[in-house]
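Observations on chain architecture
Spelled out from the first residue to the last, the chains are:
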Amino acid sequence: MSAARRPARRRALLAIAWSSALGLLSGLLLLLVALPLAGLLFSAPPRQLLAGLSDPLVAPALRLTLFTTTVSLLVILTCGTPLAWLIARRTGGAVGAGQVDRASRASRIWRMLETLVELPAVLPPAVAGVALLLAFGRRGLLGPGLAAAGIGLPFTRAAVVVAQTFVAAPFYLQAAIAAFRRLDPDLILVARTLGASPPRVLFTIAIPVAWPSLAGGAAMSWARALGEFGATLMFAGNMSGRTQTLPLAIYTALESDLRTAQSLSILLVAIAFALLVAIRAGARR
């Protein structure tokens with residue numbers, strides 16, 4: 001009887017140990033996420049936080065951030081949607097037997113292109129800033145040509161848009177490529193058989209069907225542009241009213257007024273939280 005009870009007791013002890021380990025490890029990570037947010041939200045009275053938003057840094061940085069992130073998102077949607085459609089179509093679909101080798105080579109090229117356009121998502125911000133300077137700076141690849149045309153891109157509002165677009169575009173492209181790949185190939189084939197042109201297939205079939213994923217990708221891309229710091233600092237500078245976005249304003253406020261930096265940080269957290277709630281609500285529909 002005692003020997004028969006030992007396996008059951010061992011299983012019960014293992015179940016308790018497993019549950020304890022799960023709870024401990026999960027709790028540690030939850031604390032690591034929750035404690036900084038709690039410190040941000042509750043370490044100062046609301047009156048001081050509201051007063052921090054009246055700092056002269058806040059309004060120009062907020063206006064510039066909303067303007068540049070909106071422009072960068074429009075650029076990403078306008079150029080990224082056709083690119084995502086091309087990559088999804090060129091890296092999927094059936095081919096004839098005689099075209100297998102050619103299609104395989106073309107598919108590898110397009111997959112390398114897909115990796116290339118998604119690379120900025122994992123680049124360190126300093127690397128992104130250096131890359132932009134070496135591409136568009138006065139001594140960069142396009143610098144002499146831009147200078148000859150009278151265009152000075154670094155340390156301008158346009159540089160802010162370029163930096164935000166560079167780091168945020170992969171988030172939309174990843175979502176759009178995945179959404180277009182999930183489309184039923186028969187749906188596209190039937191539309192083409194019935195005489196729909198390629199643009200009509202894209203705009204009246206592919207985009208409406210993939211819209212929830214495209215909207216989620218666009219939201220994540222906008223959120224990434226909103227929080228962009230390192231590449232913007234190196235490529236566009238930190239000039240109040242000209243290139244200073246909200247993250248850069250937080251960085252500047254830390255040197256003189258912690259409460260202003262805290263207020264701006266809470267503002268960004270609130271925007272990010274609302275964005276995530278909206279994305280989740282849209283995904284459940």
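Owing to the predicted nature of the structure, the values given are computational and were not obtained by experimental measurement.

Next up on the list: the overall build of the protein. Looking only at helices and strands, the protein features 12 helices and zero strands. The globule rule puts the C-alpha radius of gyration for 285 residues at 19 Å, and the 25 Å found for the protein is more than 25% above it. A principal-axis box enclosing the C-alpha atoms of the protein has dimensions of 85 × 65 × 35 Å. Burial analysis of the protein (285 residues in total) assigns 34% to the buried set. Across the protein, every contact between residues at least 6 apart in sequence was considered, and the portion connecting residues at least 24 apart equals 74%. Accessible surface for the protein amounts to roughly 17,200 Å². Of this, 69% is attributable to carbon and sulfur atoms. Here the protein holds 26 positive side-chain charges and 9 negative ones, and the gap between their average locations is 8 Å.

Turning to the nonpolar core, a few remarks are in order. For soluble globular proteins, the rule of thumb is that nonpolar side chains tend to be buried together. Core analysis: the largest hydrophobic core is formed by 42 residues, its most contacted members being Trp85, Phe180 and Leu214. Only helix H3 (58-90), helix H7 (157-181), helix H8 (185-193), helix H9 (198-226), helix H11 (246-253) and helix H12 (258-284) provide two or more residues apiece to this core. Among residues more than four places away in sequence, those in contact with Trp85 are Phe180, Leu183, Ile188, Val201, Leu202 and Ala206. With 10 residues, the next largest nonpolar core counts Ala128, Leu132, Ala163 and Ala231 among its residues.

Here the protein averages 88 in pLDDT, while 93% of its residues score no lower than 70. By mean pLDDT, helix H4 (residues 100-118) is the weakest element of the protein at 80, and H7 is the strongest at 96. Note on residues 94-100: pLDDT under 50 across the span, and two contacts to partners over four residues away in sequence or across chains.

It is the contact of H3 with H7, at a shortest axis distance of 7 Å, that shows an interaxial angle of 40 degrees. As the angle between them shows, H3 and H7 are arranged oblique. Judged by the sense of rotation from one axis to the other, the crossing of H3 with H7 is right-handed. In terms of residue class, the contact of H3 with H7 is made up of 19 nonpolar, seven polar and two charged.

A word on the packing of aromatic side chains. The relation between two aromatic rings is expressed through the spacing of the ring centres and the mutual angle of the planes. Tallied over the full model, the rule gives three aromatic pairs. Ring geometry for Trp85 and Phe180: centres 5.2 Å apart, planes at 85 degrees, overall edge-to-face. Of this pair, Trp85 sits in helix H3 while Phe180 is found in helix H7, placing the two residues 95 residues apart along the sequence. Both residues of the pair, Trp85 and Phe180, belong to the buried class.

As a further point, take a nonpolar patch on the surface. Together, Leu29, Leu32, Val33, Leu37, Leu41 and Phe42 line one region of the surface with nonpolar side chains, adding up to about 620 Å² of accessible area. Along the chain, Leu32 falls in helix H1 (residues 2-42). On the basis of relative accessible area, Leu32 is assigned to the exposed category, the value being 60%.

Side-chain pairing between opposite charges can occur once the charged atoms of the two side chains come close. This structure, assessed with the given rule, holds two salt bridges. The salt bridge involving Glu114 is made with Arg181; its shortest N-O contact spans 2.7 Å. A residue pair is termed long-range when its members are at least 10 positions apart, and Glu114 in helix H4 and Arg181 in helix H7 qualify at 67 residues. A salt bridge links Glu228 to Arg224; its shortest N-O distance comes to 3.3 Å. Since its relative accessible area comes to 2%, Glu228 is described here as buried. For Arg224, a relative accessible area of 25% translates into the label partly exposed.

Among the secondary structure elements, Gln262 is positioned in helix H12. For Gln262, a relative accessible area of 6% corresponds to the buried category. Polar side-chain contacts of Gln262 include one of 2.7 Å to the backbone oxygen of Leu40. Look past the residues within four positions of Gln262 in its chain and what remains in contact with it is Gly39, Leu40, Ser43, Ala44 and Leu49.

The interhelical angle for the contact between H7 and H9, taken along N-to-C directions, is 145 degrees, at an axis separation of 8 Å. Note that H7 runs across H9; the crossing there is right-handed. Together, Gln164, Val167, Ala168, Ala169, Phe171, Tyr172, Ala175, Ala176, Ala179 and Phe180 of H7 and Leu202, Ala206, Ile207, Ala210, Ser213, Leu214, Gly217, Ala218, Met220, Ser221, Arg224 and Ala225 of H9 make up the contact between the two elements.

A word on H11. Taking burial as the measure, the eight residues of H11 include six buried ones, the bulk of the element. Every buried residue of H11 is accounted for by Leu246, Pro247, Leu248, Ala249, Ile250 and Ala253.

Basis of the calculations
- Residues numbered from 1 in each chain as written.
- Predicted model: local features only at pLDDT ≥ 70, side-chain atom pairs only at ≥ 80, totals over all residues.
- Heavy atoms only, no water.
- Helix = DSSP H or I, 4+ residues; strand = E, 2+ residues; numbered from the N terminus.
- Rg over C-alpha atoms; globule rule 2.2 N^0.38 Å.
- Buried < 20%, exposed > 50% of the residue type's maximum accessible area, 1.4 Å probe, protein only.
- Contact = heavy atoms within 4.5 Å.
- Areas by Shrake-Rupley, 256 points an atom, 1.4 Å probe, with all protein chains shown as cover.
- Lys, Arg positive; Asp, Glu negative; His and termini not counted.
- Charge placed at Lys NZ, Arg CZ, Asp CG, Glu CD.
- Core = buried A, V, L, I, M, F, W, Y, C linked by side-chain atoms within 4.5 Å.
- pLDDT = per-residue confidence, 0-100.
- Axes fitted to C-alpha atoms, helices over the stretch in contact; angles between N-to-C directions.
- Parallel < 35°, antiparallel > 145°, perpendicular 65-115°, else oblique.
- Left-handed = near helix turned anticlockwise from the far one by under 90°.
- Nonpolar A, V, L, I, M, F, W, Y, C, P; charged D, E, K, R; others polar.
- Phe/Tyr/Trp six-rings, centres within 6.5 Å; stacked < 30°, edge-to-face > 60°.
- Patch = residues over 30% accessible without salt bridge, like charges linked within 9 Å, V, L, I, M, F, W, Y side chains within 5 Å.
- Salt bridge = Lys/Arg side-chain N within 4 Å of Asp/Glu carboxyl O.
- Polar contact = N/O pair within 3.5 Å; in protein donor to acceptor, adjacent residues only side chain to side chain.

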